Amino acid sequence: MNSRILLVEDEPGLLLTLSDLLESEGYTVETATNGPTGLAKGKAGDFDLIILDVMLPGKNGFDVCRELRQEGSDVAVLMLTAKTQVIDRVVGLKLGADDYLTKPFDPSELLARVEALLRRVHKENLTPVVRFQFGIISADFDKAEVLKEGHPISLAGKELQLLRYLIDHRGKVLTREEILKDVWEYQADISTRTVDVHVAWLRQKIEENPQYPKHILTVRGSGYRFNP
Ligand code: CA
């Protein structure tokens, strides 16, 4: 999968390092070194992701992001903020950035964020499962209905969302962080513990024997895997 990334960064050294890094991972990278050029390229190009520095000459990253959103662009945006700009992260997310990374950062952290965002982008382009059957459970997500041996069981909104997410990613190991990010998105009072709690609740409802789950499996040291 050859994703296209627009990198908007005015520090020449960092621009070079990051574009080399991303290209070595197989991404197609285009660059801009100031706000107006970044905005113009962002509007014109068909990118999967824009990595956008906040402090840019001409127009700052917040304005670039806001104007892109006003134009109706739904491209994924990863903002790069300076260490001290804690408040800026919140502002950035409100303006429509999808994630942020604080400078200085480890290259591996940047790659992890990029991968996660692109996974989300590509996932959104997939058609999610509407009806799904496994074991003694059958789920109909259009009707928000889950049956256990033919009898309706009651799932809270987040439990239903979590179940659907697990089904959509069946067979894959999902980390708590991924689940948290995708199912809960950004909520300040939520920790990975929440994922464990909801998994436990869901197991109570859908597993024949919740003590020995056959469908929502714990992957030690990693997270969970849904096994139909
Ligand atoms: Ca800068």
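Below is a summary of the structure that appears in this document. In this numbering scheme, every chain counts its residues from 1 along its sequence in written order. At least 70 in pLDDT is required for a residue's local features to be given in this predicted model, at least 80 for side-chain atom pairs to be given and counted, and no such filter applies to totals for whole chains, interfaces and linings, which use all residues. Side-chain numbers here rest on the full set of heavy atoms in the structure, without hydrogens or water.

1. Some thoughts on the coordination of the calcium ion
The textbook angles at a metal center are 109.5 degrees for a tetrahedron of four donors and 90 or 180 degrees for an octahedron of six.
Line of reasoning, step 1. Around the calcium ion, the protein contributes the donor atoms Asp10 (OD), Asp53 (OD) and Met55 (O), at 2.0 to 2.3 Å from the metal centre.
Line of reasoning, step 2. Shown as donors are all N, O and S atoms within 2.8 Å of a metal ion, widened to 3.2 Å for Na, K and Ca; because water is not in the atom set, sites may appear incomplete. Here the donor residues for the calcium ion map to a single chain with the spacing D-x42-D-x1-M. With a gap of 43 residues between them, Asp10 in the loop between β1 (4–8) and α1 (12–24) and Asp53 in strand β3 (residues 49–53) connect regions that are remote in the sequence.
Line of reasoning, step 3. Accessibility expressed as a relative area gives 29% for Asp10, which makes it partly exposed.
Line of reasoning, step 4. The rule is simple: take the accessible area with a 1.4 Å probe, protein chains only, and divide by the maximum for that residue type; under 20% is buried, over 50% is exposed, in between is partly exposed. Its relative accessible area of 4% is what places Asp53 among the buried residues. Where helices and strands are cited, they refer to DSSP runs of H or I of at least four residues and of E of at least two residues respectively, numbered from the N terminus.

2. Describing the packing of helix α7 (residues 176–184) against helix α8 (residues 192–206)
Line of reasoning, step 1. Following both chains from N to C, one finds α7 and α8 inclined at 85°, their axes separated by 9 Å at the closest point. In terms of their interaxial angle, α7 and α8 are classed as roughly perpendicular. Two secondary-structure elements touch here, α7 through Arg176, Glu177, Ile179, Leu180 and Trp184 and α8 through Thr192, Thr194, Val195, Asp196 and His198.
Line of reasoning, step 2. Residues are sorted three ways: Asp, Glu, Lys and Arg are charged, Ala, Val, Leu, Ile, Met, Phe, Trp, Tyr, Cys and Pro are nonpolar, and all the rest, Gly among them, are polar. Residues belonging to the contact of α7 with α8 are distributed by class as follows: four nonpolar, three polar and three charged. Only the contacting stretch of a helix is used when fitting its axis, a line to C-alpha atoms as for every element, and angles between N-to-C directions run 0 to 180 degrees. Just so you know how the angles are binned, under 35 degrees is roughly parallel, over 145 roughly antiparallel, 65 to 115 roughly perpendicular, and the rest oblique. Note on contacts: a residue pair is in contact if any heavy atoms of the two residues lie within 4.5 Å.

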